[in-house]
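Per-entry structural report
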Amino acid sequence: MKRIVISMLASLLLVEVAAAHDPVFGLGPHTLFKDGYEISPQLHSAKRGNAVQNELGLELVYGLTGNWSAGVEIPLSLVADAGAASGGLGDISVFTKWRFWRNDMPGAQESAALLFKLIGDTGDDTRSPALGTGTTDGIVGLAWGYESRRWYRWASLRYRQNGTDANGLQRGDMMRLDLVGGIRLKQTGYLEPDMVWLLELNGEYGRRARLNGVEVANSGGTQWFVSPGIFWTYRNFAIKAGVQIPIYDDLNGNQQASDYRALMVFEWHN
Amino acid sequence: MKKYLLTLFLILVLTPAAWAAGAQYVMRVDGLACPYCAYGVEKKFKAIEGVKKLDVDLDKGIVTVDVEDGVEFTDEQMKKLFEDSGFTFRSMTRKDLE
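The rules behind these values
- Residues numbered from 1 in each chain as written.
- Chains lettered and ligands numbered in written order.
- Predicted model: local features only at pLDDT ≥ 70, side-chain atom pairs only at ≥ 80, totals over all residues.
- Helix = DSSP H or I, 4+ residues; strand = E, 2+ residues; numbered from the N terminus.
- Buried ≥ 20, exposed ≤ 12 C-beta atoms within 10 Å, placed from the backbone.
- Contact = placed C-beta atoms within 7 Å.
- Nonpolar A, V, L, I, M, F, W, Y, C, P; charged D, E, K, R; others polar.
- Arc of directions from axis to C-beta.
- Pairing = 2+ DSSP bridges.
- Axes fitted to C-alpha atoms, helices over the stretch in contact; angles between N-to-C directions.
- Parallel < 35°, antiparallel > 145°, perpendicular 65-115°, else oblique.
- Left-handed = near helix turned anticlockwise from the far one by under 90°.
- pLDDT = per-residue confidence, 0-100.

**Here we look at the overall build of chain B**
Helix and strand content of chain B: four helices and four strands. N-terminal to C-terminal, the α/β element order of chain B is α-α-β-α-β-β-α-β. Out of the 98 residues belonging to chain B, those deemed buried represent 32%.

So, in structure tokens, the structure goes:
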């Protein structure tokens, strides 16, 4: 059971493409300019009961066109659970985002994008606690966003399909819904530091895990988080940070809900 | 002969074109909302030889570019540059810098 919990924790921690001027936890439609590249070291932290996972991730993104980017995320994980700890390479993922619709207005932009992400099984799942899920998983996401000089609004939906590991465990597929608002209190100039305050509502619904085809009673369910965050930028450097605070959970069987998740991203593009 | 040469010299020196220190393009661009996102525009222009100065007015959606004498921009070129940056080029005006 503990293995299932840790495996699920590992799958929850990874953030799906924290690119550019997008929400901290939710998904936004931003892509990188053509031939631009982005380097983003990230610090993730999550706690659920006795299980704690800290992760240092490195995300690299390249702009294929002005509306299409692709990248890779390389996580280094440190997982601790009830006295035992493991550290090392987590599950590497590759992703692509395509902004298929854009409506540019004076001082504002509205757009929508599709995300595809493939998460490999590079993390060692034989360690205890496991560093990876031991499966190859896929994520498809749809994001909409509106940004102006003052207000920001985003909405996104993601579906994660999880594979089955060598022991016959299939973590339940997961659906995520994110609604995000943001405000720039002071409209600064092009060469000045810029700050946007964010407030996210993140919902997650997970199906029950299956072990050799049999449903695991203590798995799956619903959780909701409120997540305050910031997006600070200066020129081509950005810092994004936020904390997911659980406000509601309806988890199946006997499970511990998330205590918190935190994320800090340093982003540089050129 | 000296008189003619002096006249020719004065014509060349006093002609506005001879004094022009390049040109300024003022472009109206839609979609510009944040400075971080607009950085791609700056990068694209700085890769063009002869671009001396660039300014982005986010509130007005105006990109101003000063170029050296002889550098010319076309609408098609600007449409592509801004599309590659993730924005929409609308129009531009040009004036000689003195």
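**Notes on the interface of chain B and chain A**
At the junction of the two partners, chain B supplies 23 residues and chain A supplies 27 residues. Among the secondary structure elements, those contributing two or more residues to the side of chain B that touches chain A are helix H3 (35-46), strand S2 (51-57) and helix H4 (75-85) of chain B. Looking at the side of chain B that touches chain A element by element, the count peaks at seven residues for H3(B). Residues that form the side of chain B that touches chain A fall into these classes: 11 nonpolar, six polar and six charged.

**Structural notes on the environment of A:Ser219**
Mapped onto the elements of the fold, A:Ser219 is located in the loop between strand S13 (214-215) and strand S14 (221-234). Exposure remark for A:Ser219: the 24 C-beta atoms within 10 Å place this residue in the buried category.

**Remarks on H4(B)**
Residues and elements named next belong to chain B. Here H4 has its buried residues at Met-78, Leu-81, Phe-82 and Ser-85. Buried positions in H4, seen along its axis, are confined to an arc of 90° and lie on one side of it. Of the surrounding secondary structure, the elements contacted by the buried residues of H4 are strand S1 (23-30), H3 and strand S4 (88-96).

**Observations concerning the sheet that holds S2(B)**
All names here are of chain B. Read across the open sheet, the four strands follow the order S2-S3-S1-S4; overall the sheet is antiparallel. Here the strands that pair on one side only, and so sit at the sheet edges, are S2 and S4. Strand after strand, the sheet turns through a mean of 15° between neighbouring axes, direction not considered. Here S1 runs beside strand S3 (residues 62-67); their pairing, made up of six bridges, is antiparallel.

**Points about the pairing of strand S7 (residues 137-148) of chain A**
In the case of a regular strand, side chains alternate between the two sheet surfaces. All names here are of chain A. Covered by surrounding structure in S7 are Asp-137, Ile-139, Gly-141, Ala-143, Gly-145 and Glu-147 only, the residues Gly-138, Val-140, Leu-142, Trp-144, Tyr-146 and Ser-148 on the alternate face being uncovered. The pairing of strand S6 (residues 108-119) with S7 spans 12 bridges and is antiparallel. Note on S7: the bridge partner recorded for Leu-115 is Gly-141. Pairing geometry for S7 and strand S8 (residues 151-161), over 10 bridges, is antiparallel. Looking at the pairing, Gly-141 lines up with Arg-158 of S8. Where S7 folds back on S8, the antiparallel hairpin that results is connected by two residues.

**With respect to the sheet that holds strand S12 (residues 210-211) of chain A**
All names here are of chain A. If you trace the three strands from one edge of the open sheet to the other, you get S9-S12-S13, paired in antiparallel fashion. At either end of the open sheet lies a strand with only one pairing partner, and these are strand S9 (169-170) and S13. Here S9 pairs with S12 via two bridges, running antiparallel. Residue pairing in the sheet places Gln-170 in a bridge with Arg-210 of S12.

**Some words on unusual backbone geometry**
All names here are of chain A. With omega at 0°, the peptide bond leading from Ser-128 into Pro-129 counts as cis. Locating Pro-129 in the fold gives a position in the loop between S6 and S7. Even without being glycine, Asp-35 reaches a positive phi, approximately 65°. For Asp-35, a count of 16 C-beta atoms within 10 Å corresponds to the partly exposed category. With phi around 55°, Arg-235 is a residue other than glycine that occupies positive phi space. Within the fold, Arg-235 resides in the loop between S14 and strand S15 (237-251). You can call Arg-235 partly exposed: it has 16 C-beta atoms within 10 Å.

**Things to note about the environment of B:Leu81**
Locating B:Leu81 in the fold gives a position in helix H4. The sequence separation of B:Leu81 and B:Val63 amounts to 18 residues, and the corresponding C-alpha distance is 12 Å.

**Observations concerning the packing of H3(B) against H4(B)**
All names here are of chain B. For the pair H3 and H4, the least separation of the axes is 8 Å and the interaxial angle reads 135°. Judged by the angle between their axes, H3 and H4 are oblique. As for how H3 packs across H4, the hand of that crossing is right-handed. Contacts between H3 and H4 involve Gly-40, Val-41 and Lys-44 on the former and, on the latter, Leu-81, Phe-82, Asp-84 and Ser-85.

**Digging into the pairing of S3(B)**
Residue and element names in this part refer to chain B. Here S3 shows a clear split, with Val-63, Val-65 and Val-67 buried on one side and none of Ile-62, Thr-64 and Asp-66 buried on the other. The pairing of S2 with S3 spans six bridges and is antiparallel. Paired with Asp-55 across the two strands is Thr-64, which belongs to S3. The turn linking S2 back onto S3 is made up of four residues, and Gly-61 within it adopts a positive phi angle of 65°.

**What to know about the confidence of the model for chain B**
Residue and element names in this part refer to chain B. For chain B, the average pLDDT comes to 88, and 80% of its residues sit at 70 or higher. Confidence scores differ between elements of chain B, with helix H2 (residues 16-19) showing the lowest mean pLDDT of 50 and S1 the highest of 98. Among the scores for the predicted complex, ipTM is 0.88 and pTM is 0.88.

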